[in-house]
Amino acid sequence: MYRVDSPGRVNLIGEHTDYALGYAMPMAINIHTVLHAMEDEQIRVYSQIFREVKEFSLDDIRRSGDWADYIKGIFWVLREEGHEVGGMKGILNGDLPIGSGLGSSASLELAVLAFLNEAYKLRLLPIEMALLAQKAENEFVGVPCGILDQFIMTHGKKEHVIFLDTDTLRHEYIKFPRDIQVIVFYTGVKRELANSAYAERRKVAEETLGLLGKRTSKEVEEAELRNIPSLYRRLFGYIVRENRRVLEARDALREGDVDTLGELITASHWDLARSYDVSCEELDFFVRRSLQLGAYGAKLTGTGFGGSAIAIVDSDRALSIARTVLEEYQRTFNWEADYYLVLPTDGVAVRRV
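For every chain, the first residue of the written sequence is number 1, and numbering continues from 1 along that sequence. Given that this is a predicted model, residues contribute local features only at a pLDDT of at least 70 and side-chain atom pairs are listed and counted only at 80 or more, while totals for whole chains, interfaces and linings are drawn from all residues. Water and hydrogen atoms play no part in the side-chain values, which are based on all heavy atoms of the structure.

1. What about the overall build of the protein chain?
1) Next: Numbered from the N terminus, helices here are DSSP runs of H or I no shorter than four residues, and strands are runs of E no shorter than two. Each helix and strand counted, the protein chain has nine helices and 12 strands in total.
2) Next: Each of the three principal axes of the protein chain carries a C-alpha extent, and together these read 55 × 50 × 40 Å.
3) Next: Per-residue burial over the protein chain gives 61% buried out of 353 residues.
4) Next: In the protein chain, the proportion of contacts linking residues at least 24 apart, taken out of those at least 6 apart, comes to 71%.
5) Next: Surface summary for the protein chain: the accessible area is close to 14800 Å², and the carbon and sulfur share equals 45%.
6) Next: Asp and Glu are treated as the negative residues and Lys and Arg as the positive ones, with His and the ends of the chain left uncounted. Where a charge sits is defined by one atom per residue type, namely NZ (Lys), CZ (Arg), CG (Asp) or CD (Glu). Across the protein chain, the 43 positively charged side chains and the 54 negatively charged ones have centroids separated by 0 Å. Exposed residues in this analysis have more than 50% of their type's maximum accessible area, buried residues have under 20%, and partly exposed residues fall in between, with area computed by a 1.4 Å probe over protein chains only. In this description, contact between two residues means that some pair of their heavy atoms is separated by no more than 4.5 Å. In these tables, accessible area is a Shrake-Rupley quantity obtained with a 1.4 Å probe, and a residue counts as shielded only by the protein chains included in the view.

2. Considering the side chain of Glu 242
1) Next: With respect to the element layout, Glu 242 can be found in helix H6 (residues 230-254).
2) Next: By relative accessible area, which is 0% here, Glu 242 ends up buried.
3) Next: Setting aside anything within four residues of it in sequence, one finds Glu 242 in contact with Ile 13, Gly 14, Glu 15, Thr 17 and Ser 268.

3. Observations regarding unusual backbone geometry
1) Next: One non-glycine residue, Leu 21, adopts positive backbone phi at about 55°.
2) Next: Secondary-structure assignment places Leu 21 in the loop between strand E1 (2-13) and strand E2 (23-40).
3) Next: Assessed through its relative accessible area of 24%, Leu 21 is described here as partly exposed.
4) Next: In the Ramachandran plot, Phe 305 falls in the positive-phi region, its phi being about 60° despite a non-glycine side chain.

4. Structural notes on the sheet that holds strand E10 (residues 308-314)
1) Next: When DSSP finds two or more bridges between a pair of strands, those strands are recorded as paired. Taking strand neighbours across the sheet as the criterion, the four strands line up as E9-E10-E8-E11 in an open arrangement whose pairing is antiparallel. Looking at which strands have only one partner, the edges of the open sheet turn out to be strand E9 (297-301) and strand E11 (338-342). The mean angle between the axes of side-by-side strands here comes to 25°, regardless of whether they run parallel or antiparallel.
2) Next: Here five bridges tie E9 to E10, and the two strands are oriented antiparallel to one another. Fitted lines through C-alpha atoms serve as axes, helices being fitted only where they are in contact, and the angles separating the N-to-C directions of these axes extend from 0 to 180 degrees.

5. Section: the pattern of salt bridges
1) Next: By convention in these notes, a salt bridge is any Lys or Arg side-chain nitrogen within 4 Å of a carboxyl oxygen on Asp or Glu. Counting across every chain of the model gives 28 salt bridges.
2) Next: Note that Asp 5 and Arg 351 form a salt bridge whose closest N and O atoms lie 3.6 Å from each other. Of this pair, Asp 5 sits in strand E1 while Arg 351 sits in strand E12 (residues 349-352), placing them 346 residues apart in sequence.
3) Next: For Asp 5, a relative accessible area of 14% translates into the label buried.
4) Next: A salt bridge links Lys 203 to Glu 207; the shortest N-O distance between them is 2.8 Å. Residue Lys 203 and its partner Glu 207 are located together in helix H5 (residues 194-212), separated by four residues, close to a single helical turn.

6. Re the packing of aromatic side chains
Think of a pair of aromatic rings as described by two things: how far the centres are apart, and how the planes are tilted against each other in angle.
1) Next: Side-chain rings of Phe, Tyr and Trp (the six-membered ring for Trp) are treated as a pair once their centres are within 6.5 Å; stacked means planes under 30 degrees apart, edge-to-face means over 60, and tilted covers the remaining angles. Under the criterion given, the structure shown has 12 aromatic pairs.
2) Next: Between Phe 50 and Trp 67, the ring centres sit 5.7 Å apart and the planes meet at 5°, which makes this aromatic pair stacked. Placement of Phe 50 in the loop between strand E3 (43-47) and strand E4 (52-56) and of Trp 67 in the loop between E4 and helix H1 (68-80) is noted, with a sequence separation of 17 residues between them.
3) Next: Classification of Phe 50 as partly exposed rests on a relative accessible area of 38%.
4) Next: For Trp 67, a relative accessible area of 8% puts it in the buried group.
5) Next: Pairwise contacts between aromatic rings join Phe 185, Phe 285, Phe 286, Tyr 329 and Phe 333 into one cluster.

7. Thoughts on the nonpolar core
1) Next: Ile 71 and Phe 75 are the most contacted members of the largest nonpolar core, which has 97 residues in total.
2) Next: No other element matches the 10 residues that helix H2 (residues 104-119) contributes to this core.
3) Next: In contact with Phe 75, other than residues within four places in its own chain, are Ile 43, Phe 56, Leu 58, Ile 61, Val 85, Gly 86, Gly 87, Met 88, Val 112 and Leu 116.
4) Next: Here, the term nonpolar core denotes a set of buried Ala, Val, Leu, Ile, Met, Phe, Trp, Tyr and Cys residues that are joined through side-chain atoms within 4.5 Å. By size, the runner-up hydrophobic cluster in this structure holds 29 residues, among which are Tyr 23, Met 27, Ile 180 and Ile 312.

8. A closer look at the packing of H2 against helix H3 (residues 126-141)
Relative orientation and spacing of two packed helices are given, respectively, by the angle between their axes and the distance between those axes.
1) Next: Running from N to C, H2 and H3 cross one another at 125°; their axes reach a closest spacing of 10 Å. Put simply, H2 runs oblique to H3. H3 is crossed by H2, and the crossing has right-handed handedness. Residues Ser 105, Ala 106, Glu 109, Leu 110, Leu 113, Ala 114 and Asn 117 of H2 form the contact with H3, whose own contacting residues are Met 129, Leu 132, Ala 133, Glu 137 and Val 141.
2) Next: Each residue gets one label: Ala, Val, Leu, Ile, Met, Phe, Trp, Tyr, Cys and Pro are nonpolar, Asp, Glu, Lys and Arg are charged, and the others, such as Gly, are polar. Residues of the contact of H2 with H3, tallied by class, amount to eight nonpolar, two polar and two charged. Angle categories are assigned with fixed cut-offs, so that under 35 degrees is roughly parallel, over 145 is roughly antiparallel, 65 to 115 is roughly perpendicular, and the rest are oblique. Crossing handedness is read from the near helix: turned anticlockwise from the far helix by less than a right angle, it gives a left-handed crossing, and turned clockwise, a right-handed one.

9. Considering the layout of surface pockets
1) Next: Residues are said to line a cavity or pocket when one of their atoms sits within 4 Å of a point; the points come from a 1 Å grid over protein atoms alone, cavities being sets where a 1.4 Å probe fits but cannot get out and pockets being open sets with protein on both sides within 12 Å along at least five of seven lines. Grid points are joined across faces, edges and corners, and a volume is the space filled by probe spheres set on the points. Taken as a whole, the second largest pocket encloses approximately 190 Å³ of empty space.
2) Next: Around the second largest pocket, the lining residues are Asn 30, Lys 158, Glu 159, Phe 176, Pro 177, Arg 178, Leu 343, Pro 344 and Thr 345.
3) Next: Class assignment for the residues of the lining of the second largest pocket results in four nonpolar, two polar and three charged.

Worth remembering: the numbers are spatial, not functional.
As structure tokens, this is what we get:
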């Protein structure tokens, strides 16, 4: 029997830049998908969250339109890439909330992949696992995600965030300040529009690069957007500005300048809200109120349209700020919200139990 702990993630800054091959600054967080599993001839997985069993054969892997697709996609991609594996019998649980904008789908994919890698001695490197999981989500599940989630979940490092060039996958570990904590606030708003809106924005980004004759967003200056259609100019303008903010945030974090980091994070949120149209009233409420209560910076994290937001705060004030915002939020909105106090952690890990 093996136990796999696969982390969630937050992105401190650099949302919606990975599919334009830009910069991001994510961190793996210490809330996890947990998989207990062993080798078997078939695939049978029980989810304690959904309280249901999914069972299928290695010889009949087809999409079913539910959470099992993320498991099926991993078996599918391994076979596509020529890796021979058997089945598994497992139980899924953990404290990473589903559909919260914290990377739960990628976390599940990597929990399964890490188990198979260990149990069947595939000897896959972390970068290989990240790329395989991304391919499974793109080509089997049908979500055109970038590499960010899968990369941070395989490369996470305790007490560090990662500055990531999503084009070259070159990355730098940067120490996270010891006296700072991240509040993750789950709004309870289900991201019903997220997949279709995400796909639309990715399409605009790719078409903008084509119009400009550029390969990556890193090569684009905002002045170059003047002569393209207004929708493309507005959406891609955000990506160009966000790339610049990520570079500035990297420099600030290297110097331990939390004030500047917070200002950049907050600027990112309002650009996401006003230029990229991916925020909502609930996310904006959290950002405004946490800043009023003393956060250095706050923003939505992940795709947007609900899900979660983050705030960076002094560790000794994190709990009181989170509780206050939650109480006020619940008086204002009729959603089942929650908060998590998180720190940077290691990537997906497997051990025998």
